[in-house]
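Results of the structural survey
Residues per chain are reported as follows:
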Amino acid sequence: MSDEAAPPPTGMRLRYAARCRACGSAIPAGTVAVYERESKTVTCVECPAHSTQAAPVAASPVVIPSPETLNVVELEQETEHLEVLRGTAGASARREHERLREKRATGIRDKHPHLGNLILALSDDPQSTQAWAIGARGEEVLGQRLDTLSERGVHVLHDRRIPSSKANIDHIAVTAAGVFVVDAKKYQGRPSLRVEGGLFSPRTEKLMVGSRDRTKQVAGVQKQVSLVKSALRDAGMEEIPVHGMLCFIGADWPLIGGAFVIDGVHVVWPKKAVDILLKPGPLTEQTARLVHGLLAASFLPA
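Read on for an overview of the structure. (Residues numbered from 1 in each chain as written. Predicted model: local features only at pLDDT ≥ 70, side-chain atom pairs only at ≥ 80, totals over all residues. Heavy atoms only, no water.)

**What about unusual backbone geometry?**
Cut-off, in case you're wondering: To qualify as a helix, a DSSP run of H or I must reach at least 4 residues; to qualify as a strand, a run of E must reach at least 2; elements of each kind are numbered from the N terminus. Here the term buried applies to any residue with accessible area under 20% of the maximum for its type, exposed to any over 50%, and partly exposed to those in between, with areas from a 1.4 Å probe on protein chains only.
Despite not being glycine, D159 shows a phi value in the positive range, around 50°. The residue D159 is located in strand β6 (residues 155–161) in this model. The backbone of S164 sits at a positive phi, close to 60°, despite the residue not being glycine. For S164, a relative accessible area of 87% translates into the label exposed.

**Describing the sheet that holds strand β9 (residues 191–196)**
Under the convention used in this document: One bridge is not enough; two strands pair if DSSP finds at least two bridges between them.
The sheet built from 3 strands is open, its strands ordered β9-β10-β11 with antiparallel pairing. At either margin of the open sheet sits one strand with a lone partner, and together these are β9 and β11 (212–213). Summarising the sheet, strand β10 (residues 204–209) and β11 pair through 2 bridges and their orientation is antiparallel. Pairing of M208 across the sheet is with D213, part of β11.

**A look at the side chain of T175**
The test is simple: For this analysis, a polar contact is any N or O atom pair within 3.5 Å, provided that within protein one partner can donate a hydrogen and the other can accept it, and provided that sequence-adjacent residues contribute only side-chain to side-chain pairs. The criterion used for residue contact is that any of the two residues' heavy atoms lie within 4.5 Å.
Within the secondary structure layout, T175 lies in strand β7 (residues 168–175). Residue classification places T175 among the buried residues on the basis of a relative accessible area of 1%. At 3.0 Å, the side chain of T175 and the backbone nitrogen of A177 are in polar contact. Sequence-distant contacts of T175, defined by excluding residues within four places in its chain, comprise G153, V154, F180, L277 and L283.

This is how it looks when you write it as structure tokens:
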């Protein structure tokens, strides 16, 4: 074992938001914090364990370099202190399903102390509870497929929390073609585009899955796209293209064709999603990695 001492913690002004390893507090971008090189984590300067160890920090503000001028060496320096947590696909939906199941089981056992377990064994969870498990499974299936693309220039984040909201983004993929906000859905039925009006009335487009109108899912993806665009704009990266995608897992897709775009959102199945993500584009690998790290800090795991 080497007797060489670990490098001392370094005081630095964070370029991206982070979370204190010691107390768990959120640390906003631009705040001076203690960076520990060995563990690649950050700690509040207020935390007693490190309050006297931080090296002096220059007072000049830190500016995020533009992707066009960032080279490989600079990229490593910019992202060295950020541990990118990709997240776990379907994790928050799986937790909610387990919470609802446990709540129901506890209620039945409290109401029927002697027959509670029998009632639970002979009855199914409500559809509203089962929907969380179905949704989680869809996210997991798509997430596993996306993870296989890491060696092909696709940088993925799973199950990201939307700030100041209980909602989440299922998947974010950063590729040469830009950023893709991907919402996974596990519905039965055939997705299709229904166009109404156009000659004497306003033209409208609806997303149908079987006989059900699912157009509201398109609006949900558009909102998530706008949040990702805002995060990039705040970092001076508004030129990075951001796309929306709805991916239906296990749906009744036709053997030939079937994919379409509605209000700027791609509606696809998993294999088609992969084909789109692997298309060439304007982003270099270095820029994609930088954007990936930025979005990981902006949208923490749910």
